[in-house]
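Survey of secondary and tertiary structure
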Amino acid sequence: MTSQEAAWELLAEFPVVDGHNDLPWALREQVRYDLDARDIAADQSAHLHTDIPRLRAGGVGAQYWSVYVRTDAPDPVAATLEQIDCVRQLLTRHPEDLRPALTAADMEAARGEGRIASLMGAEGGHSIANSLGTLRGLYGLGVRYLTLTHNDNVDWADSATDEPKAGGLTAFGREVVREMNRLGMLVDLSHVAATTMRDALDASSAPVIFSHSSSRAVCDHPRNIPDDVLERLPANGGIAMVTFVPKFVLQAAVDWTAAADENMRAHGFHHLDTTAEAMKVHRAFEERHPRPVATVSTVADHLDHMREAAGIDHLGIGGDYDGTAFTPDGLADVSGYPNLLAELLDRGWSKADLAKLTWKNAVRVLDAAEDVARGLQATRSPSNATIESLDAPAG
C-alpha cells in the first residue's frame, strides 16, 4: 500500500477537522453572497479554494467556517451576522453534504452519516463590539469559537501584528475569556500576541485552540506560536492547528511577503485585498520578484516540531483556505490534505498519531469545553461586566 492509499484509508475513518476556512468571506467579496454565482456543489477551482467536490476529495469531515469581517468594518456586528447568515444559507442549500454542528456529539453524528460537520468561528474580538451580551448572542447563533483578535488590537487584547497596547489581556479581556468558558465557546489564540496567548492560558479554565497557526521556532513570524506556549498546551488540554499559509510557514516567504505587502500599500490596496484589481498588482510584483514556494514538506516540518513541543495529543489542522492568496505546492486547495498525511506517514507518524491530528484531538477539545461550561453554568451567572467598569483608568 502506498502512503497515499494509507492516507485515504485513514481519512475514511478519521476525516480532517479543519479549524479555519474563509469561504464565507470569499463569497462576500466575490459575489456578495450570490450563491448561484458560486455554487459550491460544482467545481469552483477558477475562483475558490473550496467547494464540496474538493472537500470530499480532501477527506474533510468537519469544517469550522470563519465568519470573519475586517477590523475597519463600519458595523462589524452586523457584518458578522451577514457572515453567519451566509453559512446558514450554505447549509440549507447543501443538506446532503453539510450538516450543522454545535457540539462534539454533532460532529460524531455527521461522521457517522458521511456528511461534513459545519461549525462556525468568529475571527476577531471586534465582532463583539466590547459587549458580553453580543458574545452570548453569537454563541446562540452557533458560533463555537472566537479568535480574540485579528490583525489589529482590540480594546482589551493585543494582536500579534499590531503595536502592543494592553500588554496582553486587560481585565475586561480576561472576563471575555471567562465568559467564553462559561458558554462553552472555544478561546482561539491565532492572531494574538504572545503576551495575549500567555494571559489567556492563565485565565482560561477550558482548553484553548489555535485555529490556524504554526511554529515560531521553525518560521519566525509573529503569527506563529512560541515554544513556551506550545509547551503549556498539555496542561491546558488545548490544540494548535497548523496552518498552510506560505508567509507563516516558510521564512523566505515571510521576507518576500513583507515586500509584497509594502508594494500593495504603495498602490493603494489593503494587503489582504483579493479583488481582481489587487491580485493584478500581486501578480505584477511576483513577475518581478518570484515568490518562494512552500511545500507539503514545509508544513510537515512545523508539525514535527510542534509535536516535540506540545505532544501528539495537542495538534490539529487549520488550512486557512480562501483566506490567503497563495498556498503551498501539494496543498493548493482543500483537496490536498491526503498529501500532508502521506508525507507524515513517510516520516514515521503512525495511523494512531494521524487519527488524533485529523479528528480525535479537535473533537475532544470541543467536548472538554462543553464539559467545563456545564460545571460553570451550575455556579456562575452570565457576566454583565462592561469594559468601562473593568478597564477604566485609576481615578
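First things first, this report covers the structure right here in the doc.

What counts, and at which threshold
- Residues numbered from 1 in each chain as written.
- Predicted model: local features only at pLDDT ≥ 70, side-chain atom pairs only at ≥ 80, totals over all residues.
- Heavy atoms only, no water.
- Buried < 20%, exposed > 50% of the residue type's maximum accessible area, 1.4 Å probe, protein only.
- Helix = DSSP H or I, 4+ residues; strand = E, 2+ residues; numbered from the N terminus.
- Arc of directions from axis to C-beta.
- Contact = heavy atoms within 4.5 Å.
- 1 Å grid on protein atoms, 1.4 Å probe; cavity = no way out; pocket = protein on both sides within 12 Å on 5 of 7 lines; lining within 4 Å.
- Points joined across faces, edges and corners; volume = space filled by probe spheres on them.
- Nonpolar A, V, L, I, M, F, W, Y, C, P; charged D, E, K, R; others polar.
- Axes fitted to C-alpha atoms, helices over the stretch in contact; angles between N-to-C directions.
- Parallel < 35°, antiparallel > 145°, perpendicular 65-115°, else oblique.
- Salt bridge = Lys/Arg side-chain N within 4 Å of Asp/Glu carboxyl O.

**Focus: helix 1 (residues 3-13)**
Buried within helix 1 are the following residues: Ala6, Ala7, Leu10 and Leu11. Looking straight down helix 1, one finds its buried side chains confined to an arc of 135°; they lie on one side. Contacts from the buried residues of helix 1 go to strand 1 (16-21), helix 15 (337-346) and helix 16 (351-377).

**Digging into empty space enclosed by the protein**
Scanning all chains against the criterion turns up one cavity of 30 Å³ or more. A volume near 30 Å³ is recorded for the largest cavity. Along its surface, the largest cavity is lined by Tyr64, Leu186, Ile209, Ile239, Met241, Ala362 and Val365. For the lining of the largest cavity, the secondary-structure elements that each account for two or more residues are strand 8 (239-242) and helix 16. Partitioned by chemical class, the residues of the lining of the largest cavity number seven nonpolar, no polar and no charged.

**Observations concerning the packing of helix 7 (residues 171-183) against helix 16**
Where helix 7 meets helix 16, the closest approach of the two axes is 6 Å, and the angle between their N-to-C directions is 100°. Looking at the two axes, helix 7 sits roughly perpendicular to helix 16. Of the residues in helix 16, those in contact with Asn181, Arg182 and Leu183 of helix 7 are Ala369, Val372, Ala373, Leu376 and Gln377.

**A look at the pattern of salt bridges**
Scanning the entire structure with this criterion turns up 26 salt bridges. Linking Glu9 and Lys351 is a salt bridge whose minimum nitrogen-to-oxygen distance equals 2.5 Å. A residue pair is termed long-range when its members are at least 10 positions apart, and Glu9 in helix 1 and Lys351 in helix 16 qualify at 342 residues. Overall, the relative accessible area of 37% leaves Lys351 in the partly exposed class. When the shortest N-O distance is used, the salt bridge between Glu179 and Arg182 registers 2.8 Å.

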